[in-house]
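# Summary of structural features
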Protein chains: 4
Amino acid sequence: SYGADGRISSRIFADYSIFKGKAALSATPVLPTFSKTDSGYTKVDRRGAIMLTFRPAIGERKYDSEKKQLFALSVTEIGSFISLGPGDSCEFYHDPSVMSRDAGQVRKSLSIKPHTDGYFVSLNVTNNILKTNERFTVPVTTAEFAVMRAAFSFALPHIMGWAQSTNPQADSFGKD
Amino acid sequence: SYGADGRISSRIFADYSIFKGKAALSATPVLPTFSKTDSGYTKVDRRGAIMLTFRPAIGERKYDSEKKQLFALSVTEIGSFISLGPGDSCEFYHDPSVMSRDAGQVRKSLSIKPHTDGYFVSLNVTNNILKTNERFTVPVTTAEFAVMRAAFSFALPHIMGWAQSTNPQADSFGKD
Amino acid sequence: SYGADGRISSRIFADYSIFKGKAALSATPVLPTFSKTDSGYTKVDRRGAIMLTFRPAIGERKYDSEKKQLFALSVTEIGSFISLGPGDSCEFYHDPSVMSRDAGQVRKSLSIKPHTDGYFVSLNVTNNILKTNERFTVPVTTAEFAVMRAAFSFALPHIMGWAQSTNPQADSFGKD
Amino acid sequence: SYGADGRISSRIFADYSIFKGKAALSATPVLPTFSKTDSGYTKVDRRGAIMLTFRPAIGERKYDSEKKQLFALSVTEIGSFISLGPGDSCEFYHDPSVMSRDAGQVRKSLSIKPHTDGYFVSLNVTNNILKTNERFTVPVTTAEFAVMRAAFSFALPHIMGWAQSTNPQADSFGKD
């Protein structure tokens, strides 16, 4: 599997990060991968996501990347996120080991709950093997949430592969 | 007639699919085709659509592609779809044989009706020649509907040909 | 002055047309033109518009292009258009001969007024020289208006030149 | 540091300007710059902004560029701007000398306050060194604000670097 341009390319990396007292939250789009079918056309192999990264604070505007925890928002979870009205809340559950021997051992839940100015975005990670339970909570202001909503809405068609499939030029790149 | 880049290209294919108990619903954008006029400029030949595909369930997460039914949402029907408010409903009627000898023999109707969390999207196909009547209903959650609304809104200018006509680069491709 | 790609190119043409009983209404984006400054950078020379074309009906789905009337929506008028709420109305006045000897002789007014399902879009052209007064009214449904709103919103940054100025590639094309 | 296409390019310049009785307000997107990391990928070096320029009126539709004042809206301030509801207001404070010897000597504040048709956008610049205090107020109509909201929303992913990172083609340009 390869990128829409037909090769594994050196990528441009851009995130949106919010640094708060107890933790930092970063969001970055992950593009889908594509593969060629026997009939000669290119199709989405693995859909993209919005990758959320939480890092705990370890001092004045310093955050511990060693202790980071990830949560990949799927296309439909992004749909939930961008359609949240004021006062709405939502919660998503992921099992990173689903379909494997360790299914159910690690549980991640992401919750978005309203507060006075914006939302609390919290990640809870329970690991039954390591007997650990980590929790990150980042208060996101209305303005920061508006940036995330706009950026996630923009990224959505790219994550789904629709931006690539509707772009007449992307295709010719697949032939290189 | 050819694509905006001046040739019939191998395409990238990406859909958005919802798998539910009784049926699966997939949506994918269909781009317009273009043709050259005598005066030398390129114009839309056939407008694009959002192609909806319904397939009946035939087991645990298995769907029968042999029995699929299609419904191509036109530009104005997409306008109706993306402007649906909470609690709104709409219905579209297509005759795949319109303007032919078999006009009126096959009738397709697509209805979108609100439920507690989202909409029921139903396709009804009545075939007077084969004496058949098929009905598919897929419950679409609010989050899934938000994905469709965002993806259809993104695709709309590409389906209308406006993304191609406003893209300064697309044009030079028409000269190859 | 030239296009964003540095040449006067053969263009792709795509409109959105609504055919009604008494008149047809077509909308199409008009891109800005660019010119090179002495300091070597490229700037917008003439801003773009959404060109509205009205043609009177002269039979069953036949419209008279000889008697067409044009109205070019400016960037700010497009802002008015796309922010119209349900039940809102607006009106724009143009003088095609402004700043010339014939200023005030021809007056065009475009009005958008709500009706049960959508809006009435009317163009009134008063020509004091020819002693004529023409009026076109096209009922636009909510779904058709949603298409126009989405298409005009998409086209707006292209019409303003922002799509060209934020596209890192458009620029290199100017060097051919 | 360089542009997303791997070089410092001659740029296309496009703004949106509002000319009013006492002052003119112009807005233009400023793209981020990128740099190559040791690991070989490209990342955002300095995030972009929407640059607002205020110029005082010095006659009939004449404005004094010598006396212009700038205010660069950050990504999160743009989020605030585009999510302003009718009747909402907001205010941002910048110190152009923050982290330097002159910190606190110059203070800029931008306020957006509702009026009957739209908003008053005001910039206040207090310079303790020069003992000056300048104030610009530009009434922005609802239609003009709708243009700004749409244009700022369009520009946001470009300013954040997400448009560049999700564009499969932008990357290969970095290799020239």
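Moving on: the packing of helix α1 (residues 75-82) of chain C against helix α2 (residues 142-160) of chain C. Residue and element names in this part refer to chain C. Orientation of α1 relative to α2, taken along the N-to-C sense of each, is 150°, at an axis distance of 10 Å. Of the possible angle classes, the one that applies to α1 and α2 is roughly antiparallel. For the pair α1 and α2, the crossing hand works out as left-handed. The segment α1 lies against α2, with V75, I78, F81 and I82 engaging F145, M148, R149, F152, S153, L156, I159 and M160. When the residues that make up the contact of α1 with α2 are grouped by side-chain class, the tally is 10 nonpolar, one polar and one charged.

Reading across the sheet, the three strands line up as β4(C)-β5(C)-β1(D) and stay open at both edges, with mixed pairing between neighbours. Both outer strands of the open sheet, β4 (33-36) of chain C together with β1 (12-13) of chain D, are each paired with one neighbouring strand and no more. With four bridges joining them, β4(C) and strand β5 (residues 42-46) of chain C adopt antiparallel strand pairing. Looking at β5(C), one finds that K36(C) is bridged to T42(C).

It is worth spelling out unusual backbone geometry at this point. With phi around 55°, R61(B) is a residue other than glycine that occupies positive phi space. Tracing the backbone through its elements, the reader meets R61(B) in the loop between β6 (49-59) and β7 (62-63). R61(B) gets classed as exposed once you look at its relative accessible area, which sits at 61%. One non-glycine residue with positive phi stands out, namely K131(C), at about 55°. By relative accessible area, which is 72% here, K131(C) ends up exposed.

This paragraph deals with the pattern of salt bridges. Pairs may arise between side chains of opposite charge once their charged atoms sit close together. All names here are of chain B. What the rule picks out here adds up to four salt bridges over all chains. Note that K20 is salt-bridged to E144, the shortest N-O span being 2.9 Å. Residue K20 is located in the loop between β2 (16-19) and β3 (23-30), and its partner E144 is located in helix α2 (residues 142-160); the two are separated by 124 residues in the primary sequence. Taken individually, K20 and E144 each receive the classification buried, so the pair is uniform in this respect.

Here we come to the environment of Y16(A). Inspection of the secondary structure puts Y16(A) in strand β2 (residues 16-19). Along the chain, Y16(A) and P29(A) lie 13 residues apart, while their C-alpha atoms are 9.7 Å from each other. Dropping the residues within four chain positions of it, Y16(A) is found in contact with L25(A), S26(A), A27(A), E144(A), V147(A), M148(A), R47(D), V75(D), T76(D), M160(D) and W162(D). At 2.8 Å, the side chain of Y16(A) and the side chain of T76(D) are in polar contact.

Cut-offs applied
- Residues numbered from 1 in each chain as written.
- Chains lettered and ligands numbered in written order.
- Predicted model: local features only at pLDDT ≥ 70, side-chain atom pairs only at ≥ 80, totals over all residues.
- Heavy atoms only, no water.
- Axes fitted to C-alpha atoms, helices over the stretch in contact; angles between N-to-C directions.
- Helix = DSSP H or I, 4+ residues; strand = E, 2+ residues; numbered from the N terminus.
- Parallel < 35°, antiparallel > 145°, perpendicular 65-115°, else oblique.
- Left-handed = near helix turned anticlockwise from the far one by under 90°.
- Contact = heavy atoms within 4.5 Å.
- Nonpolar A, V, L, I, M, F, W, Y, C, P; charged D, E, K, R; others polar.
- Pairing = 2+ DSSP bridges.
- Buried < 20%, exposed > 50% of the residue type's maximum accessible area, 1.4 Å probe, protein only.
- Salt bridge = Lys/Arg side-chain N within 4 Å of Asp/Glu carboxyl O.
- Polar contact = N/O pair within 3.5 Å; in protein donor to acceptor, adjacent residues only side chain to side chain.

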